[in-house]
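Structure assessment
As a plain string of letters, each chain reads:
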Amino acid sequence: MTAALRLALVAALLPMAGCDLLGAKCLDGPIGCALPGSWTLVAVNGTPDTGSLQINDGQFDRGGYAQLPLSDTERIAGPFSGTYTDDDDYAYKYHITLNITNPSTGTLWRADVYAQPEISGSTMTLRLGTVRVPEGIITVNSKYPKFKAGTVLTFKK
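Okay, so let's go over this structure.

The rules behind each value
- Residues numbered from 1 in each chain as written.
- Predicted model: local features only at pLDDT ≥ 70, side-chain atom pairs only at ≥ 80, totals over all residues.
- Heavy atoms only, no water.
- Helix = DSSP H or I, 4+ residues; strand = E, 2+ residues; numbered from the N terminus.
- Buried < 20%, exposed > 50% of the residue type's maximum accessible area, 1.4 Å probe, protein only.
- Contact = heavy atoms within 4.5 Å.
- Areas by Shrake-Rupley, 256 points an atom, 1.4 Å probe, with all protein chains shown as cover.
- Core = buried A, V, L, I, M, F, W, Y, C linked by side-chain atoms within 4.5 Å.

A word on the overall build of the chain
When you go through the chain residue by residue, the secondary structure sums to 2 helices and 9 strands. Counting across all 157 residues of the chain, residues that qualify as buried make up 41%. Considering only intrachain contacts with a sequence separation of at least 6, the fraction spanning at least 24 residues in the chain is 45%. For the chain, the computed accessible surface area is about 8600 Å², with 57% contributed by carbon and sulfur atoms.

Here it is as structure tokens:
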């Protein structure tokens, strides 16, 4: 087998191998590789709340299924796509695109969310950065006070 053929074979198998293949040098970095799994929301900005994130276990895909509060009366639920980077040039390393239904109103809801996850043991804090909706960026005076820049979501695995 030629060196070029061996290299091509390794390159073809790498995406199927998962994060464990590279150990500490995981393709998504240690945080990105700790994201997959079932996470239960326990607090929003330190106040007890409920919800969940199911994040896919894949080589690059960090999407999944979300059930999260927007306010005290409105929630969102449905699938989302997501990517994670360990590049230090990005302040918010987790990019989530939500195309989900707001069960409170029955309408389709889309948002691009840039967040910074921190994981310690079985706890994840997800600090929301920019939150964009078709009408613009959700701001401090948002009608979605639990889903805007600066919000800190705390989850347990």
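Let us keep going from here.
Digging into the nonpolar core
Counting 29 residues, the largest nonpolar core has Leu53, Leu98, Trp109, Phe147 and Phe155 as the members making the most contacts within it. Put simply, the parts of the chain that give this core at least two residues each are strand 1 (37-44), strand 2 (47-55), strand 3 (64-69), strand 4 (75-84), strand 5 (94-102), strand 6 (107-120), strand 7 (123-133) and strand 9 (152-156). With 5 residues, the single largest contributor to this core is strand 7.

Some points on the environment of Cys33
You can see Cys33 is positioned in helix 2 (residues 29-34). We classify Cys33 as partly exposed; its relative accessible area is 23%. For the pair Cys33 and Asp57, spaced 24 residues apart in sequence, the C-alpha to C-alpha distance is 8.3 Å.

Regarding unusual backbone geometry
The backbone phi angle of Asn45 is positive, close to 55 degrees, even though this residue is not glycine. Structurally, the position occupied by Asn45 is in the loop between strand 1 and strand 2.

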